[in-house]
Amino acid sequence: MSSVVHFWNTEVLSIFYFNSFFLGRIDSCYTSGVPLCRSRSSIYKGKQPCETRSSYALLKQSRGSVVGACSCCAGLTVAMEVKHLGGWQRPLLLASTLILVSIVYGETLTTQLRQFRSASSAALDTRWKKITGFFGNDDFYLYVCGIVLSIQIPFWSGGLLFMFLDYYNWPRWTRKYKLQPGTHEPVDLNRLKETIKVVLINQWSVSVPILIFSYFLKKITNTMPVFHELPSLQRFFIDFLIFIIVDEIGLYYVHRLMHHPKLYARVHKKHHEWPAPIAITFVYSTRMEFILNMIPVVLGPMLTNPHLFTLWAWYAFVHLRGLKNHSGYDIPGLTSSEEHNYHHMTSNACFSRSPVLDWLHGTDKGFRAYMARKELEKKKDK
């Protein structure tokens, strides 16, 4: 790790300065003969400033290339100059710096990254062996108990957090992220208890038996996931991408099927008892709907037979995503939950998790009109 930092402080920053000189943005690290790290020592408390101009050695020639720069002056100057670049100069500077780095130091950078990846892989493999050892390297416990834990821990950790927010309405600043302000302030305790009961029944009387059946089926068909060594990063991401695509396509059509008049009342209506959903209503449904919703989730893993770790990560991701989509909050930094919130409000639009298939089939027209009205109201309030 220290070699990567050293590479940044010397090689990459020197190229940044070279580019900055070319663009006419940086003349020197000094302000009236005083190093930046001294003239702005309040920013770099506890650091020793450059004592002499020669100690900085900006644009010092070594190995026929531009190197050198004290890390405090370099970091401060980079931050200052990038901040003051014009609209077109900033992306040009960053892009040209990346290109020059890849050309001049491509081999060195590749070596550093390989060393970092090798060290990281060794550390992760060691940790993974400890986890498999905790389960006694028994494939039943790793598959069944491991998947159960990968579902239960994230689901109830996130679920309890959102239940706390909805019941106690604290901290108050979270209210501004509510998608339906005024609802569940606080959430009805009796309804919450009933919802928890239904969720636990679905998770333990439906999900776990299906998981045990799946284990023995994989043993019979010799398709038990590999678990002795972690998968490569490429394999992990390829599998995950396949899961997301298959799940997205499958869910859209299964969800639309459940809204068919002949199925809705018996299968899906229970889920829509919450027009303003809370997080754990992700699993609040009839048993038939719960099983139907599992099909798109497990179809991707059935097609690729991924590593066990990938399965754990996938099921954890599915449940965290479900909590977020049903939370009733527009969480900053995450994809919007507006679409699914609108689906619970109207029951006739936004059937998928992403907007692609809804746009393709025209089932998002009402939602787009709704969002346009919201934006107009915001402008009026201003």
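Keep in mind it's a predicted model, so treat the numbers as computed, not measured.

1. Observations concerning the packing of helix H7 (residues 139-168) against helix H8 (residues 189-220)
Moving on, step 1. Viewed as axis vectors pointing N to C, H7 and H8 meet at an angle of 165 degrees, and their least axial separation amounts to 10 Å. Accordingly, the angle class assigned to the pair H7 and H8 is roughly antiparallel. In the crossing of H7 with H8, the sense of the turn from one axis to the other is right-handed.

2. Here we look at the packing of aromatic side chains
Moving on, step 1. A complete count under the given rule lists 26 aromatic pairs for this structure.
Moving on, step 2. On the basis of an interplanar angle of 85 degrees and a centroid distance of 5.5 Å, the ring pair of Phe240 and Trp314 is categorised as edge-to-face. A residue pair is termed long-range when its members are at least 10 positions apart, and Phe240 in helix H9 (residues 233-258) and Trp314 in helix H12 (residues 308-326) qualify at 74 residues.
Moving on, step 3. A residue is classified by how much of its surface remains accessible, and Phe240, at 13% relative accessible area, is buried.
Moving on, step 4. Classification of Trp314 by relative accessible area gives buried; the value is 0%.
Moving on, step 5. Measuring from ring centre to ring centre gives 5.1 Å for Tyr252 and Tyr253, while their planes differ by 85 degrees; the resulting arrangement is edge-to-face.

3. Examining the pattern of salt bridges
Moving on, step 1. Within this structure, the stated rule accounts for 9 salt bridges.
Moving on, step 2. Residue Arg353 pairs with Asp247 through a salt bridge whose shortest N-O separation is 2.5 Å. Taken together, the residues span a long stretch of sequence, with Arg353 in the loop between helix H13 (338-346) and helix H14 (355-361) and Asp247 in helix H9 at a distance of 106 residues.
Moving on, step 3. Taking the relative accessible area as the measure of exposure, Asp247 reaches 1% and is therefore buried.
Moving on, step 4. Across the pair Lys378 and Glu375 runs a salt bridge whose closest N-O atoms are separated by 4.0 Å. Taken as a pair, Lys378 and Glu375 lie in helix H15 (residues 365-381) at a separation of 3 residues, close to a single helical turn.
Moving on, step 5. Beyond isolated ion pairs, a larger network of salt bridges with shared partners links Asp247, Arg321 and Arg353.

4. Topic: the nonpolar core
Moving on, step 1. Of all hydrophobic cores here, the largest spans 44 residues; its most connected members are Tyr143, Ile147, Phe155 and Ile280.
Moving on, step 2. Among the elements of the structure, H7, H8, H9, helix H11 (287-304) and H12 are those that each provide at least two residues to this core.
Moving on, step 3. No other element matches H7, which puts 11 residues into this core.
Moving on, step 4. Those residues in contact with Tyr143 that lie beyond four places of it in its chain are Leu211, Ser214, Tyr215, Lys218, Met224, Pro225, Leu308 and Leu311.

5. Thoughts on empty space enclosed by the protein
A probe matching the size of a water molecule, rolled over the atoms, marks out where space remains unfilled.
Moving on, step 1. Scanning all chains against the criterion turns up 1 cavity of 30 Å³ or more.
Moving on, step 2. What the largest cavity holds in volume is close to 40 Å³.
Moving on, step 3. Asn325, Ser336, Ser337, Glu339, His340, Ser352 and Arg353 together form the lining of the largest cavity.
Moving on, step 4. For the lining of the largest cavity, the per-class residue count stands at no nonpolar, 5 polar and 2 charged.

6. Some remarks on the side chain of Ser150
Moving on, step 1. On the secondary structure map, Ser150 appears in helix H7.
Moving on, step 2. Looking at Ser150, its side chain comes within polar contact range of the main-chain oxygen of Ile147, at 2.7 Å.
Moving on, step 3. Beyond its immediate sequence surroundings of up to four residues, Ser150 is in contact with Trp312, Tyr315 and Ala316.

Conventions we followed
Residues numbered from 1 in each chain as written. Predicted model: local features only at pLDDT ≥ 70, side-chain atom pairs only at ≥ 80, totals over all residues. Heavy atoms only, no water. Axes fitted to C-alpha atoms, helices over the stretch in contact; angles between N-to-C directions. Helix = DSSP H or I, 4+ residues; strand = E, 2+ residues; numbered from the N terminus. Parallel < 35°, antiparallel > 145°, perpendicular 65-115°, else oblique. Left-handed = near helix turned anticlockwise from the far one by under 90°. Phe/Tyr/Trp six-rings, centres within 6.5 Å; stacked < 30°, edge-to-face > 60°. Buried < 20%, exposed > 50% of the residue type's maximum accessible area, 1.4 Å probe, protein only. Salt bridge = Lys/Arg side-chain N within 4 Å of Asp/Glu carboxyl O. Core = buried A, V, L, I, M, F, W, Y, C linked by side-chain atoms within 4.5 Å. Contact = heavy atoms within 4.5 Å. 1 Å grid on protein atoms, 1.4 Å probe; cavity = no way out; pocket = protein on both sides within 12 Å on 5 of 7 lines; lining within 4 Å. Points joined across faces, edges and corners; volume = space filled by probe spheres on them. Nonpolar A, V, L, I, M, F, W, Y, C, P; charged D, E, K, R; others polar. Polar contact = N/O pair within 3.5 Å; in protein donor to acceptor, adjacent residues only side chain to side chain.

The quantities given are spatial measurements derived from coordinates; they are silent on function.
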